[in-house]
Amino acid sequence: MSLAAYCVICCRRIGTSTPSPKSNTYWRDVRKIIKFTGSLILGGSLFLTYEVLALKKSLTLDTQVVEREKMKSYIYVHTVSLDKRENHGITYQARKELHKAVRKVLATSAKILRGPFADPFSTVDVEDHECAVWLLLRKSKLDDRTARLQAVQEMSETHHWHDYQYRIIAQACDPRTLIGLARSKESDLRFFLPPPSLPSLTEDYSIEEELRQLLASLPQTELDECIQYFTSLALSESSQSLAAQKGGLWCFGGNGLPYAESFGEVPSATVEMFCLEALIKHSEMPTHCDQIEANGGLQLLQRLYRLHKDCPKIQRNIMRIIGNMALNEHLHSPIVRSGWVSLLAEAMKSPHIMEASHAARSLANLDRDTVREKYQDGVYVLHPQYRTSQPIKADVLFIHGLMGAAFKTWRQQDAEHQGPTDEASEDEARHTTCWPKTWLARDCPALRIISVEYDTSLSDWRARCPMERKSIAFRSNELLRKLRAAGVGDRPLIWVSHSMGGLLVKKMLLEASKKPEMNTVINNTRGIVFYSVPHHGSHLAEYSVNIRYLLFPSLEVKELSKDLGIGDLIPVDVNHLNICKPKQKDAFLYQRTLQFIRETLAKDLEN
């Protein structure tokens, strides 16, 4: 057996003792090439994978960090080692070149996938859900007005973003976009940053003293008599109030005692009202608006606005001042920087029509992107108060009468059993505090509805300013100038007037017929509605033969409205005050007025 094994071994040695040298060398070279190539491919793959992952990590926004602290902004700075040995050499240069190549690949893919919006993403990689925010921001800053307005509309209609995304828009958008968002009905209030913090109050701080100093710093020469009156009254009363606070004789007679007895228990609030009345008059003058802004008036008014959250009248007067200042376009930037847009945007969403309308006027004067008209003090747009895609084809103007106002004159008739608390809870279709804004705007959305407010002290009755004895002619010219600045006359229009307001309308039309620059007001007037207007037998046809008339004489003026020979005369058994206040939406007074407006403007609304 051992012999057999030995023979087998010898045979194998003999069989392998003479191999082919050429074949052996060939396979040895193949093995070496495979080892080298495999090592190169494996090492290169690992290197490329590491570098791509490192680059992605360096360019990706950590959304978890932002989610944890949503109210903050972060600027991520890539740290660079100070060790020079790490910043030079073959490895450093190779990584640098590789990063450049990957960036070019990312930029190319962005152009392919994102089309014309690739520019913001050519140097940064963001998550897909972040793209919309930055795309809309970029779009809102384009020179193309149509694209810009569309971007603002898309922002306002977005309600699924996180808080920090709204804050990104609030911090990164320009003033034009911010104002547009404030005038968009569906905008989320998170788009607006809180106003800048005001300095802390000290124990000896007196806002009355600040108001007095602001008033005293304004020019006192070449003023209207009533402006001088309001200013002197505010300064004298504020000085008296300050003296009382410092231990004066406020409660022991003099001018202060009847003042305190007639205006309530807190004289300081009334003193502030006097100061605000004076500032309203001053803010009607452009040069005084510059002084108010230069002397810190925007911040002072903001502090007063916050302190009196429970006093709507003070807040409305403050918004009147801001609205007057917004008529001057060079003051738009200071108004935005001081944080007023945020406060006005919040007031726009108020359920109270008066607060919302005052804020709407101020924002409309700030919005030069979609509004070319300017609304001066006393001219309020009831519809549309927000930006809208609905084309406006005609105007309807409401002019109140003696002792009336732009809002309360046109409210629904008060029910005897209904208290003030019931009005807010009622549905607008059943009860409204201003039927032109709710009922008429809903029935005729293509109308711009304007209500005008003016001082009715055309006689000695309730004269707020003793020196003010302004005639109907003066008041009509003043209102005509304000309405023309608001674009009244550029579209077909209908006047709706009550009491003395009807006399003003007739006087305005008569004055407009004498001025060539006001011809558009005459030519575009389609009709007039008179609620209890004493015509005294005057001939309405002398103003225009193309105007339709609808007359609702009340019980008090029924005898004065006979034999006019023009228009539809419809006697109504309602007293003078309630004739312009329909009881319900389906009441005859409202439905007949609506029918008159629709019929008179039928051709204009169709076009």
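Preceding block: the structure.
Just so we're clear, the structure is a prediction, and the values are computed from it rather than from any experiment.

**Q** How should I be thinking about the overall build of the protein in this particular structure?
**A** On a plain count of helices and strands, the protein comes out with 26 helices and seven strands. Counting across all 607 residues of the protein, residues that qualify as buried make up 45%. Counted over contacts in the protein with a minimum sequence separation of 6, partners at least 24 positions apart contribute 70%. As displayed, the protein offers around 32600 Å² of accessible surface, 56% of which is attributable to carbon and sulfur atoms.

**Q** Can you help me understand the pairing of strand E1 (residues 379-383) in this one?
**A** Two faces belong to every sheet, and in a regular strand the side chains alternate between them. Taken across its five residues, E1 has five buried, putting it largely inside the fold. Looking at chain direction, E1 and strand E3 (residues 447-452) are connected through four bridges and run antiparallel. Looking at the pairing, Tyr 380 lines up with Ser 451 of E3.

**Q** Got a minute to help me understand the environment of Phe 191 in this structure?
**A** Mapped onto the fold, Phe 191 is located in the loop between helix H9 (175-182) and helix H10 (207-217). A relative accessible area of 0% means that Phe 191 is categorised as buried. As for Phe 191 and Ala 170, which are separated by 21 residues in sequence, their C-alpha atoms are 5.0 Å apart.

**Q** In this structure, what is going on with the sheet that holds strand E7 (residues 568-569)? I would like to understand it.
**A** Two strands in a sheet stick together by hydrogen bonds in their backbones, pointing the same way (parallel) or opposite ways (antiparallel). One open sheet accounts for seven strands, arranged E1-E3-E2-E4-E5-E6-E7; its pairing is mixed. Two strands bound the open sheet, and with one partner strand each, they are E1 and E7. Across six bridges, strand E4 (residues 493-498) lies against strand E5 (residues 525-531) in parallel orientation. Across the sheet, the residue bridging to His 498 is Tyr 531, located in E5.

**Q** Is there a simple way to explain the pattern of salt bridges in this structure?
**A** Opposite charge on two side chains allows them to pair when their charged atoms are near. Following the criterion strictly, the structure yields 21 salt bridges and no others. Residue Arg 491 is joined to Glu 373 by a salt bridge in which the shortest nitrogen-to-oxygen separation is 4.0 Å. Taken together, the residues Arg 491 in the loop between helix H22 (472-485) and E4 and Glu 373 in the loop between helix H19 (353-366) and E1 connect sequence positions 118 residues apart. Like Arg 491, the residue Glu 373 is buried in the burial classification. Put simply, Glu 373, Asp 395, Arg 448 and Arg 491 are held in one network by salt bridges that share partners.

**Q** In this structure, what is going on with the side chain of Asp 369? I would like to understand it.
**A** Of note, Asp 369 is situated in the loop between H19 and E1. For Asp 369, a relative accessible area of 12% puts it in the buried group. A distance of 2.8 Å separates a polar atom in the side chain of Asp 369 from a polar atom in the side chain of Arg 148. Once residues within four sequence positions are removed from consideration, Asp 369 is found in contact with Arg 145, Arg 148, Leu 149, Arg 176 and Arg 387.

**Q** Hey, could you run me through H9 in this one?
**A** Helical periodicity: at 3.6 residues per turn, an α-helix aligns residues three or four positions apart in one direction. Of all eight residues in H9, six are buried, a share of seventy percent or more. Buried within H9 are the following residues: Thr 177, Leu 178, Ile 179, Gly 180, Leu 181 and Ala 182.

**Q** Sorry, what's going on with the packing of H22 against helix H23 (residues 500-512) here?
**A** Think of two packed helices as two axes; the pair is described by the angle between the axes and how far apart they sit. Remark: H22 packs on H23, axes separated minimally by 9 Å, with the N-to-C direction vectors making an angle of 70°. Compared by their axis directions, H22 and H23 come out roughly perpendicular. Where H22 abuts H23, its residues Ile 472, Ala 473, Arg 475, Ser 476, Asn 477, Leu 479, Leu 480 and Leu 483 lie against Leu 503, Leu 504, Lys 507, Met 508, Glu 511 and Ala 512.

**Q** Which parts of the structure should I look at to understand the nonpolar core?
**A** Nonpolar side chains in soluble globular proteins tend to be buried together. Formed by 61 residues in total, the largest nonpolar core has its most connected members in Ile 169, Leu 279, Ile 335, Trp 340 and Val 341. Per-element tally for this core: the top contributor is helix H13 (residues 267-283), with eight residues. With sequence-adjacent residues up to four places away left out, Leu 279 is seen in contact with Leu 211, Leu 214, Leu 215, Leu 218, Ile 292, Leu 301 and Ile 321. Judged by nonpolar contacts, the second largest core, of 34 residues, contains Ile 353, Leu 382, Phe 398 and Val 496.

**Q** How should I be thinking about the side chain of Asn 328 in this particular structure?
**A** Its place among the elements puts Asn 328 in the loop between helix H16 (312-325) and helix H17 (332-337). In this structure Asn 328 comes out as buried when scored by relative accessible area, which is 12%. Leave out the neighbours within four places in its chain, and Asn 328 touches Pro 286 and Cys 289.

**Q** Where do I start with H22 in this structure?
**A** The terminal C-alpha atoms of H22, which comprises 14 residues, lie 20 Å apart, in line with the 20 Å expected from a rise of 1.5 Å per residue. Within the sequence span of H22, burial applies to Arg 475, Ser 476, Glu 478, Leu 479, Leu 480, Lys 482 and Leu 483. The inward-facing, buried residues of H22 contact E1, strand E2 (394-399), E3, E4, H23 and helix H24 (519-524). Of the residues trailing H22, Gly 487 is marked for its positive phi of about 85°.

**Q** Help me understand empty space enclosed by the protein, please; the structure alone is not making it clear to me.
**A** Empty space left among the atoms is revealed by rolling a probe the size of a water molecule over them. Applying the stated criterion across every chain, the model contains two cavities of 30 Å³ or more. Considered as a void within the structure, the second largest cavity measures approximately 30 Å³ in volume. Forming the walls of the second largest cavity are Leu 480, Leu 483, Arg 484, Val 488, Trp 495 and Val 521. At three residues, the largest contribution of residues to the lining of the second largest cavity is made by H22. Here the lining of the second largest cavity is built from residues that sort into five nonpolar, no polar and one charged.

**Q** What is the right way to look at the packing of aromatic side chains in this model?
**A** Two descriptors summarise a pair of aromatic rings, namely the distance from one centre to the other and the angle between the planes of the rings. Per the counting criterion, the structure on display carries 11 aromatic pairs. Seen in terms of ring centroids, Phe 398 and Trp 435 are 5.5 Å apart; in terms of plane orientation they differ by 85°. Their pairing is edge-to-face. Pair noted here: Phe 398 is in strand E2 and Trp 435 is in helix H21 (residues 435-443), with a separation of 37 residues, a long-range link. Overall, Trp 435 belongs to the buried group, its relative accessible area being 2%.

Conventions used here
- Residue positions are counted from 1 within each chain, in the order its sequence is given.
- With pLDDT at 70 or above as the cut-off, local features in this predicted model cover only qualifying residues; side-chain atom pairs require 80 or more to be listed or tallied, and sums for whole chains, interfaces and linings still use all residues.
- In computing side-chain values, all of the structure's heavy atoms are included and hydrogens and water are not.
- Helix and strand definitions follow DSSP, with helices as H or I runs of at least four residues and strands as E runs of at least two, each counted in order from the N terminus.
- Burial classes follow relative accessibility: with a 1.4 Å probe on protein chains only, a residue under 20% of its type's maximum area counts as buried, one over 50% as exposed, and anything between as partly exposed.
- Contacts are residue-level and defined by heavy atoms, with any inter-residue pair within 4.5 Å sufficient.
- Residue burial considers only the protein chains on display, and all accessible areas are found by Shrake-Rupley using a 1.4 Å probe.
- Strand pairing is assigned whenever DSSP detects at least two bridges linking the two strands.
- A pair is scored as a salt bridge if a Lys or Arg side-chain nitrogen falls within 4 Å of a carboxyl oxygen belonging to Asp or Glu.
- Here a polar contact is taken to be a pair of N or O atoms separated by no more than 3.5 Å, where protein atoms must pair a possible hydrogen donor with a possible acceptor and residues adjacent in sequence count only if both atoms sit in side chains.
- Structural elements are reduced to axes, namely lines fitted to C-alpha atoms, with helices fitted over the stretch in contact, and the angle between N-to-C directions of any two is expressed from 0 to 180 degrees.
- Each angle receives one of four descriptions, namely roughly parallel if under 35 degrees, roughly antiparallel if over 145, roughly perpendicular if within 65 to 115, and oblique otherwise.
- Working definition of a nonpolar core: buried Ala, Val, Leu, Ile, Met, Phe, Trp, Tyr and Cys residues. They are joined through side-chain atoms within 4.5 Å.
- In a helix, the anticipated span is given by 1.5 Å times the number of residues less one.
- As defined here, a cavity is a set of points on a 1 Å grid over the protein atoms alone where a 1.4 Å probe fits but cannot get out. A pocket is an open set with protein on both sides within 12 Å along at least five of seven lines, and residues line them when an atom is within 4 Å of a point.
- Grid points are joined across faces, edges and corners, and a volume is the space filled by probe spheres set on the points.
- Under the grouping applied here, Gly and all other residues not named as nonpolar or charged are polar, the nonpolar ones being Ala, Val, Leu, Ile, Met, Phe, Trp, Tyr, Cys and Pro and the charged ones Asp, Glu, Lys and Arg.
- Here the aromatic set is Phe, Tyr and Trp, taking the six-membered ring for Trp, and pairing holds for ring centres within 6.5 Å; pairs whose planes are under 30 degrees apart are stacked, those over 60 apart are edge-to-face, and all others are tilted.

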